[in-house]
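# Structural overview for review
Spelled out, the chains give:
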Amino acid sequence: MAVFGQAVCLKTHIWQNNTRSAILLAGFPVLLVGLLFGVQVLMMGFGLLPNSGGSLTQDLALAASMLGWTVPAALVAAAVWFVIAYFGNQMMIDAMTGARKVERRAEPELYNLLENLAISRGMKTPTLRIIESPSLNAYASGLHEGNYSVTVTRGLMQTLSRDEMECVLAHELTHVINKDVRTMVIASIFAGIISVIAELVFRSLFYMRGGRSRDNKNAMPLILIGLAIGVIGFGLATVIRMTLSRTREYVADAGAVELTKNPDAMISALRKVSGQSKIEAPDELRGMFLDNTADKADFAGLFATHPPIEKRIAALVKFAGGRDEGPWGPAPSVTSSTAVPTT
């Protein structure tokens, strides 16, 4: 009965991720159009676009009428970006994190650990990538079968034991199995570009000078309205990133224990990662990581992408029967019952 309940919960979790991905995709062009309207209002306020010469309402109506030709252009741009992001998302992520692909011969033990876990679930082994950083972190990426990758830092490889590393790899593989990874990539690459575009456009406008702004009595209200739309756009982009439910980390931790049968090693790995996980990467990508150190300073965690590691460990102790030695305790020496000797 318990197994049946877990299966139902897992299917629900995967369905929710698929639905969330579809909403993110649909919301991208809608948000783009809204920001486009805000940019047009700002440009009108700065005198870079002609105004109606009448009331504020007439100016806003004129800006809205311009959407008749700017919206199709924006949708074409969105479609082009979708194509680029679909085929080039991994290259973008690699460029932003410094990750590089490695073959079995370069890291045979690490590759074999990942391969054994994938085989145990009857799936194709994801591509292995490494970031040459002393930080302790990892993430999964990709949009479909044959395109998935698991990335770890050099610091993680040098610090974690074999069992602990196996648990981290199993954690990331669970994100792939549960389709969490697809949602994370969409939010990071597809929706994250909204923040970048908006920031570039709104900053550049303040360095421009229009010749007709002095002739428009509605200049200041238009600028304020445009800025308000920009702030709302930034807020919605943040909300989109926050749709990556924090529960996914609890589920992935549980999935790692299910794959390795070693909750102690998962707890020990999280202990070692805690406070050592910072990687120089855009905010949009940090939600993909095993741990996001930046969460701790983010309005007391109100907009955090990850639950605190202490809570994740407590969940593993309570529901998986793991032992927690504490921040200064010795790492457990239990050998995973599912580990296969590397060759």
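Owing to the predicted nature of the structure, the values given are computational and were not obtained by experimental measurement.

## Here's the deal with the pattern of salt bridges
Tallied over the full model, the rule gives 14 salt bridges. Across the salt bridge formed by Glu 132 and Arg 154, the nearest N and O atoms sit 2.8 Å from each other. Residue Glu 132 is located in the loop between β2 (127–131) and β3 (138–141), and its partner Arg 154 is located in helix α4 (residues 154–159); the two are separated by 22 residues in the primary sequence. Overall, Glu 132 belongs to the partly exposed group, its relative accessible area being 47%. The class of Arg 154 is buried, set by a relative accessible area of 19%.

## Examining the environment of Leu 31
Along the chain, Leu 31 falls in helix α1 (residues 2–45). Once the C-alpha coordinates of Leu 31 and Phe 234 are considered, the two residues, 203 residues apart in sequence, prove to be 9.7 Å apart.

## So, the nonpolar core
The biggest cluster of nonpolar side chains holds 67 residues, and the ones touching the most others in it are Leu 110, Val 152, Leu 156, Met 165, Leu 169, Ile 189 and Met 288. Ranked by residues supplied to this core, first place goes to helix α6 (residues 180–205) with eight residues. When sequence neighbours within four positions are dropped, the list of residues in contact with Leu 110 reads Leu 128, Ile 130, Val 152, Met 157, Met 165 and Leu 169. Grouped together as the second largest cluster of nonpolar side chains are ten residues, Phe 37, Ala 63, Leu 67 and Ile 229 included.

## A few points about the pairing of β2
Of all five residues in β2, four are buried, a share of seventy percent or more. With four bridges connecting them, strand β1 (residues 99–102) and β2 associate as antiparallel partners. Pairing of Lys 101 across the sheet is with Arg 129, part of β2. Direction of pairing for β2 relative to strand β4 (residues 149–153): parallel, over a ladder of five bridges.

## Observations regarding the sheet that holds β4
Ordered in space as β1-β2-β4-β3, the four strands form an open sheet in which the pairing is mixed. Only two strands of the sheet have a single partner each, and these edge strands are β1 and β3. Neighbour-to-neighbour, the strand axes of the sheet open up by a mean angle of 30°, direction not taken into account. Each of β1, β2, β3 and β4 touches helix α2 (residues 56–97); the most contacted strand, β3, lies at about 160° to it. Taken strand by strand, helix α5 (residues 162–177) contacts β3 and β4, and its axis lies near 30° from that of β3.

## Observations concerning the packing of α5 against helix α8 (residues 247–260)
Relative to each other, α5 and α8 sit at 120°, their axes nearing to 7 Å. Considering their axes alone, α5 and α8 lie oblique with respect to each other. Pair α5 / α8 crosses with right-handed handedness. Only Arg 248, Glu 249, Val 251, Ala 252, Asp 253, Gly 255, Ala 256, Leu 259 and Thr 260 of α8 make contact with α5, whose side of the interface consists of Glu 166, Cys 167, Ala 170, His 171, Thr 174 and His 175. Taken together, the residues that form the contact of α5 with α8 break down as six nonpolar, five polar and four charged.

## Some points on the confidence of the model for the protein
Looking at the protein as a whole, the pLDDT averages 81, with 78% of positions reaching at least 70. Under a pLDDT of 50 for its full length, residues 1–8 has, in the predicted model, zero contacts with residues more than four places off or in other chains.

## Here we look at the packing of α5 against helix α9 (residues 263–273)
One can describe the packing of α5 onto α9 by two numbers: an axis separation of 8 Å at closest approach and a directional angle of 90°. Between α5 and α9, the crossing angle belongs to the class labelled roughly perpendicular. Contacts between α5 and α9 pair Asp 163, Glu 164, Cys 167, Val 168 and His 171 from the former with Ala 265, Met 266, Ser 268, Ala 269 and Lys 272 from the latter. Here the contact of α5 with α9 is built from residues that sort into five nonpolar, two polar and three charged.

## What about α9?
In terms of residue burial, α9 counts as a mostly covered element, since ten of its eleven residues are buried. Listed as buried for α9 are Pro 263, Asp 264, Ala 265, Met 266, Ile 267, Ser 268, Ala 269, Leu 270, Arg 271 and Val 273. Just past α9, the residue Gly 275 takes up positive phi, approximately 80°.

## Re a nonpolar patch on the surface
On the surface, Val 76, Val 80 and Ile 84 cluster together to form a nonpolar patch covering roughly 250 Å² of accessible area. Tracing the backbone through its elements, the reader meets Val 76 in helix α2. By relative accessible area, which is 52% here, Val 76 ends up exposed.

Conventions we followed
- Residues numbered from 1 in each chain as written.
- Predicted model: local features only at pLDDT ≥ 70, side-chain atom pairs only at ≥ 80, totals over all residues.
- Heavy atoms only, no water.
- Salt bridge = Lys/Arg side-chain N within 4 Å of Asp/Glu carboxyl O.
- Helix = DSSP H or I, 4+ residues; strand = E, 2+ residues; numbered from the N terminus.
- Buried < 20%, exposed > 50% of the residue type's maximum accessible area, 1.4 Å probe, protein only.
- Core = buried A, V, L, I, M, F, W, Y, C linked by side-chain atoms within 4.5 Å.
- Contact = heavy atoms within 4.5 Å.
- Pairing = 2+ DSSP bridges.
- Axes fitted to C-alpha atoms, helices over the stretch in contact; angles between N-to-C directions.
- Parallel < 35°, antiparallel > 145°, perpendicular 65-115°, else oblique.
- Left-handed = near helix turned anticlockwise from the far one by under 90°.
- Nonpolar A, V, L, I, M, F, W, Y, C, P; charged D, E, K, R; others polar.
- pLDDT = per-residue confidence, 0-100.
- Patch = residues over 30% accessible without salt bridge, like charges linked within 9 Å, V, L, I, M, F, W, Y side chains within 5 Å.
- Areas by Shrake-Rupley, 256 points an atom, 1.4 Å probe, with all protein chains shown as cover.

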